[in-house]
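Architecture at a glance
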Amino acid sequence: MTTKTNPAEKRSSFPAFLGRHVYDIAAYAGLAATLILFLIFGGSRLAYNAQAVLQTSAPTIIIALGAVFVYSMGYMDVSVGQQVGVYAILMIMIINAVGGALGVVLGFLAVLALALLCGAFNGAVAVWLKLPSIVTSLFLMFFFTGAQFLLMESTGTNSISVPTSLLRPADRGAYNLLLVVIIVAVALAVTYFFRFSKLGKYTRGIGANETATAQSGVATTRWKVIAYMAFGACVALGTYVMLMRTGSAGKGTGTGYAMDIMICLILGGMPLSGGMKSKVSSALVGTLTYVLLTNDLTTMGVDLNMINFVKALIFIVIILITCRRRGGVLPR
Amino acid sequence: MKIIKKTLLTLLFPALMFAVMLAITASSDKCYVDGQLIFLQADMVRQVLVNACMTVCVALAIWLQLKNGRFDFSAGANMILSAIIAGNVGLQTGSPVLALLTAVAVSVALSCFTAAMYIFGRVPIIISTIGATLLFESLTYLVFGGAGVRAFYSTPGLSVFGRLPGIFLPTCIAVAAFVIFVYFTTQGRKGKILSNNQTAGVNIGINEKRNIGASYIFTGIILGMAAVIYVSQNTVTPQAGLSTSGIMFSYIVPVFMGMFIGLASCDVVGIIIAAIGMEILNYGLNCLNLGAGGTQQIIMGVFVLGFYAFSGQLGNIQALLARMKNRRARA
Amino acid sequence: MKKLTKSLVALMLVLAMALGCVSAAGAEPKHAKIGVAFYQDTGYAVVATKAYLESLSEALNVEFVYTVLTQTDEAANVAAIQNLISAGVDGIICTMDLGTNAIIEECEMAGVYLAGYLCDYDVSYTQNFDRVFKSEYFLGTATDGQNPDDTTIGHTMLSSLLEYNARAEKPLTHVSMAIFPAWAFPSQETGAKQFVEDVAKYNETNDPDILVDELDPALDVLMFTQMDTTYFSKHTGIDGIISFAAGTSFVYPTMVQAGVDKDIRLFTTGFEGGEENNFGTKGTQTFQQNMVSAVESITYPLVLILNKVNGVTFPDMPETAERISTSQFCINSDEDLDAFMHSIYYTGNAADAMFTPEQVLNMTAFGNPDATYAALRDLLAHMTIEDLAK
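Residues numbered from 1 in each chain as written. Chains lettered and ligands numbered in written order. Predicted model: local features only at pLDDT ≥ 70, side-chain atom pairs only at ≥ 80, totals over all residues. Heavy atoms only, no water.

What about the side chain of Ser160 of chain C?
Along the chain, the position of Ser160 of chain C falls in helix α7 (residues 153-167). When near neighbours in sequence (up to four residues on either side) are disregarded, Ser160 of chain C contacts Phe267, Gln289, Cys330 and Asn332 of chain C. (Helix = DSSP H or I, 4+ residues; strand = E, 2+ residues; numbered from the N terminus. Contact = heavy atoms within 4.5 Å.)

So, in structure tokens, the structure goes:
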């Protein structure tokens, strides 16, 4: 006996599908629109433009992928930018001191260790000292701002640098391929841990209802620490990818990353309150949309003073579509 | 007796801060000029009062929304845009009063826009205020040719609200607006219920939209006062890229501290006291030539963490003291 | 014989046509698109520079695209430059030396020329000279004032101080200084030392002495934040401040806050608007010197890039790119201020520029075969307030 699908059910399932996924569709539609504009206005330098977008977005994508763990818990980290700045300076100092490939490896490992430590600090100290999570984040923001300043003062120069040939392949094509490989690898790793492991399950649970999650027997403190450490690892890797591009750092390196990450995740449809609707794709979709939008507005020749206004309007339109909550009390 | 105890507890923080900074600066040669300790000069009182007034206004605006359960990113951008418009109006008309009224009007209008976007857009508050911030920042490039406002603070007749004693007027208005809304309006009193349990508050009949509307109007008044003080003290240039959120993060410290200090009295007193205490700290660091640069940031970070760690553990400390007292009594 | 004649005539025709094409090419410059990366997005300098450049578009057949760099983030600057390259520019005029190695690499890859303006490129000059200045795609830079190895600002400051003392009822006899950190602006520390030495020499033969407070690294070096009011508590008795740092933004607001703007005179650099109300004998008379580079100094990098785009070069073009000091408008009297307020920098009106489009075309190798690099370079030495007043 075969089961026939009711045509009425079939007709209603597509609108229902649309209704369930309107936010995802809107986020992807935003990306598609910016991509189309990119292709139209790319002109004769489309290939160059594409690789510029890849290089600009790569560090942000990697850090945003790590931020998914933290944001899915309903938390945020305002010290990201300052961390990136200090890590970049430290990496360059170590590479210049040790030299060669060994310097690069040691530099990265040192920064990775520091990033993991900061992640653990963010996750654990707030709980132990019964502080709001924003307080430890603020502490790290102030601390790293000061550290960045003092480190640059100690160098006696405005900017320190290292030859990019030490950090990446000399061939431009190989460099771009490496970036793609890194992004794909990180995205796959984050997706695996977020969708198929306890880490993602518990971080989303903490974001949805921390009390219920704790009462289900989950050691929420431990998983918060792991989540922040995962984010820290992505920050360290993102810093390295950023350095691959510029080879230099100064007292303002990394400024604004915290807010950029937030905007990218919002554009990608990530709920800032975290919970079960958190998704990894928001990091990729949101970052690419944001970077492409900036690129499009410049190549279209939009006046400098108007670019920010246009971006703001587009952001508002997108959030009104992707983040709107119908029914019930006003969302917090 | 209780009142005296509460007063002493309230004044403890700035008094402690003053004593500590006095001890540190008195022991440093850098802080003496012609044998006189600069920390004890009239300039200290003037700077602490002037800077604390600005801090109080912004902190009250942030706290008013936090108290109602809303984290508003747009306070800084609102203030900057209002300052630019008010400053230019003041320059063109030559009237500081018109500048003040313009600041209030613009700020209230911008706040109402933020509220409307939240209410009708039904977008989570952080996200909608980020959108409002981006929009307000972009407008700073479009109003008055993107030139900001430059000569307002240096014109003595116009910048009265940024100097003593004129600065007390906008500050008092800001404090009055806060007190009126929180303690003398229905919406303000019900705000705490919404903050603690939004669903329960709505279910028992609290009109959340009215609460939001009213709170943002009063926030606009307070931010208007902050804007007129800000433009009376600084060149104001257009901002972009959520850089104004830095204003919010730098003024949020007295907010959190004020909540704790205000346990002995009330939150508005706590914020005023916290602002004064922080400015005493800043002035002391400036005397030690640590007022800018890396060291000051690290000191500020350690201080914030230490303060919160202490306040977070206060319950445990009190319990420990009680246990020790009991043990001694039993012994 | 007939065949030979025919060939000769054909050859002469071809030559004539070729000459015609060359001369036609000289009369109509090749269309160029130039990116300009500013260090700030608003202000008098930006408005004036855009007005000046737009006035040159038709005569030079050039289109301009603008962007803004950040003063702190290398990656953002590289992204801004990449966006300009993506927009199809042939050359970029860049006002900052941050992330330059990566920027040069992008330009080399895309075949885009890079030249500097209002920047001494000191980090690149001292640490990456071969990579940047010897790059085929880096054409040179016009500094904002003097290069660090060519500093004269200390002399200029004393000269302005003495001019003020000569006309003032109450001459200044006790001054202090303010600078930005040496690692960011090395020429300011050099200028401060120069000023102190010049004052010492002056005091040997003149009365009354001018007292200069020693430069205190902890107090007088502004970490890109406004001066604190304790400055005036620690520098008691001063009647003047010599601010090598941008005084309008970092010193003057504190003077106003401390209530000393009527009592202390300020000699500084940079013009941001509003100073004219309290300059010289006007208002509170706080400002007694401002120094700015003429917006017309952008002509140097512009001409170098356009020459490259048009495939021509000066006969005396150096092999390695140079950084050229620029003379500045030193405004230290009411007359100077009046002249400055009629310049394009203040009015934003291209008609007030020091050069017409035709004059700029005449500076290029394609617009004038007799044009030389030496003449272009000397141009930068003749952008003083006196040249403006002429």
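Digging into the packing of helix α2 (residues 42-67) of chain B against helix α10 (residues 245-261) of chain B
Residue and element names in this part refer to chain B. Relative orientation of the contacting elements α2 and α10 amounts to 75°, with a least axis distance of 8 Å. Here α2 lies roughly perpendicular to α10, going by the angle between them. Of α10, the residues touching α2 (which contributes Met54, Thr55, Val58, Ala59, Ile62, Trp63 and Leu66) are Met248, Tyr251, Ile252, Pro254, Val255, Phe256 and Met259. Classifying every residue of the contact of α2 with α10 by side-chain character gives 13 nonpolar, 1 polar and no charged. (Axes fitted to C-alpha atoms, helices over the stretch in contact; angles between N-to-C directions. Parallel < 35°, antiparallel > 145°, perpendicular 65-115°, else oblique. Nonpolar A, V, L, I, M, F, W, Y, C, P; charged D, E, K, R; others polar.)

Comments concerning empty space enclosed by the protein
Following the criterion strictly, the structure yields 7 cavities of 30 Å³ or more and no others. What the largest cavity holds in volume is close to 100 Å³. Listed by contribution, the elements that provide at least two residues to the lining of the largest cavity are β1 (159-161) of chain A together with α4 (100-110) and α5 (122-127) of chain C. Broken down by class, the residue content of the lining of the largest cavity amounts to 4 nonpolar, 10 polar and 1 charged. (1 Å grid on protein atoms, 1.4 Å probe; cavity = no way out; pocket = protein on both sides within 12 Å on 5 of 7 lines; lining within 4 Å. Points joined across faces, edges and corners; volume = space filled by probe spheres on them.)

Some thoughts on the side chain of Thr34 of chain A
All names here are of chain A. Within the secondary structure layout, Thr34 lies in helix α2 (residues 22-41). Look at Thr34 and you get buried, because its relative accessible area is 6%. Setting aside anything within four residues of it in sequence, one finds Thr34 in contact with Thr289, Leu292, Leu293 and Asp296. (Buried < 20%, exposed > 50% of the residue type's maximum accessible area, 1.4 Å probe, protein only.)

Re the packing of aromatic side chains
This structure, assessed with the given rule, holds 46 aromatic pairs over all chains. Relative to Tyr240 of chain A, the ring of Phe108 of chain A lies with its centre 5.8 Å away and its plane at 75°, an arrangement referred to as edge-to-face. Highlighted residues: Phe108 of chain A in helix α5 (residues 100-128) and Tyr240 of chain A in helix α10 (residues 220-246), separated in sequence by 132 residues. A relative accessible area of 21% means that Phe108 of chain A is categorised as partly exposed. Consider the rings of Tyr44 of chain C and Tyr346 of chain C, whose centres lie 5.4 Å apart with planes at 25°: the pair is stacked. Highlighted residues: Tyr44 of chain C in helix α2 (residues 44-60) and Tyr346 of chain C in helix α14 (residues 344-347), separated in sequence by 302 residues. An aromatic cluster is present here, built from Tyr44, Phe271, Phe329, Phe340, Tyr345 and Tyr346 of chain C joined pairwise through their rings. (Phe/Tyr/Trp six-rings, centres within 6.5 Å; stacked < 30°, edge-to-face > 60°.)

Quick word on the pairing of strand β3 (residues 91-94) of chain C
Residues and elements named next belong to chain C. Neither face of β3 is open: one carries Gly91 and Ile93, the other Ile92 and Cys94, and all of them are buried. The pairing of strand β1 (residues 32-38) with β3 spans 4 bridges and is parallel. In the strand pairing of β3, Ile34 is matched with Gly91. Regarding the hand of the β-α-β motif, the stretch spanning β3, α4 and strand β4 (residues 113-117) is right-handed. (Pairing = 2+ DSSP bridges. Right-handed = clockwise from strand over helix to strand, strands pointing away.)

Here we look at the interface of chain A and chain B
Contact residues are listed per partner, giving 45 residues for chain A and 55 residues for chain B. In total, about 4,300 Å² of surface goes out of reach between chain A and chain B, with carbon and sulfur atoms giving 76% of it. On the chain A side of the contact with chain B, Phe142, Leu330 and Arg332 of chain A bury the most area, a combined 21% of that side's loss. For the pair chain A and chain B, the number of links is 0 salt bridges. On inspection of chain A and its partner chain B, the count reaches 0 residue pairs in polar contact (both at pLDDT 80 or more). Listed by contribution, the elements that provide at least two residues to the side of chain A that touches chain B are α5, α6 (133-155), α11 (257-267) and α13 (304-322) of chain A. In terms of residue count, the dominant contributor to the side of chain A that touches chain B is α6 of chain A (13 residues). (Buried area = accessible area lost by both parts, 1.4 Å probe. Salt bridge = Lys/Arg side-chain N within 4 Å of Asp/Glu carboxyl O. Polar contact = N/O pair within 3.5 Å; in protein donor to acceptor, adjacent residues only side chain to side chain.)

Concerning the interface of chain A and chain C
Each side of the interface is counted separately: chain A has 34 residues, and chain C has 34 residues. Contact with chain C buries area across many residues of chain A, yet Arg45, Tyr48 and Leu304 of chain A alone supply 23% of it, more than any other trio. Between the two partners, chain A and chain C, sit 3 salt bridges. At the junction of chain A with chain C, the criterion picks out 15 residue pairs in polar contact (both at pLDDT 80 or more). Of all the elements in the fold, those that place two or more residues in the side of chain A that touches chain C are α3 (46-72), α6, β1, α10, β2 (248-250), α12 (281-299) and α13 of chain A. Per element, the largest residue contribution to the side of chain A that touches chain C is 6 residues, and it comes from α3 of chain A. Taken together, the residues of the side of chain A that touches chain C break down into 6 nonpolar, 22 polar and 6 charged.

Overview of the pattern of salt bridges
Taken as a whole, this structure holds 12 salt bridges over all chains when the rule is applied. Where Glu105 of chain C meets Arg168 of chain A, a salt bridge forms, and the shortest distance between an N and an O atom there is 2.9 Å. Of this pair, Glu105 of chain C sits in helix α4 while Arg168 of chain A sits in the loop between β1 and α7 (172-196), placing the two residues on different chains. Accessibility expressed as a relative area gives 17% for Glu105 of chain C, which makes it buried.

What about the sheet that holds strand β12 (residues 328-331) of chain C?
All names here are of chain C. The 6 strands lie next to each other as β7-β6-β8-β9-β10-β12, forming an open sheet whose pairing is mixed. In this open sheet, the two strands that pair with only one neighbour each are β7 (211-212) and β12. As judged from the 4 bridges shared by strand β6 (residues 174-178) and strand β8 (residues 240-246), these two strands associate in the parallel manner. Looking at the pairing, Met177 lines up with Ile242 of β8. Helix-sheet contacts for α7 involve β8, β9 (265-269), β10 (287-293) and β12, and the interaxial angle to β9 is about 150°. Across the sheet, helix α8 (residues 186-205) touches β6, β7 and β8, and the angle it forms with β8 is around 155°.

Focus: the pairing of β12 of chain C
Residue and element names in this part refer to chain C. Where burial is concerned, the two faces of β12 agree: the one with Gln328 and Cys330 and the one with Phe329 and Ile331 are both buried. Pairing of β10 with β12, which is carried by 4 bridges, proceeds in the antiparallel orientation. Paired with Met291 across the bridge in β12 is Cys330.

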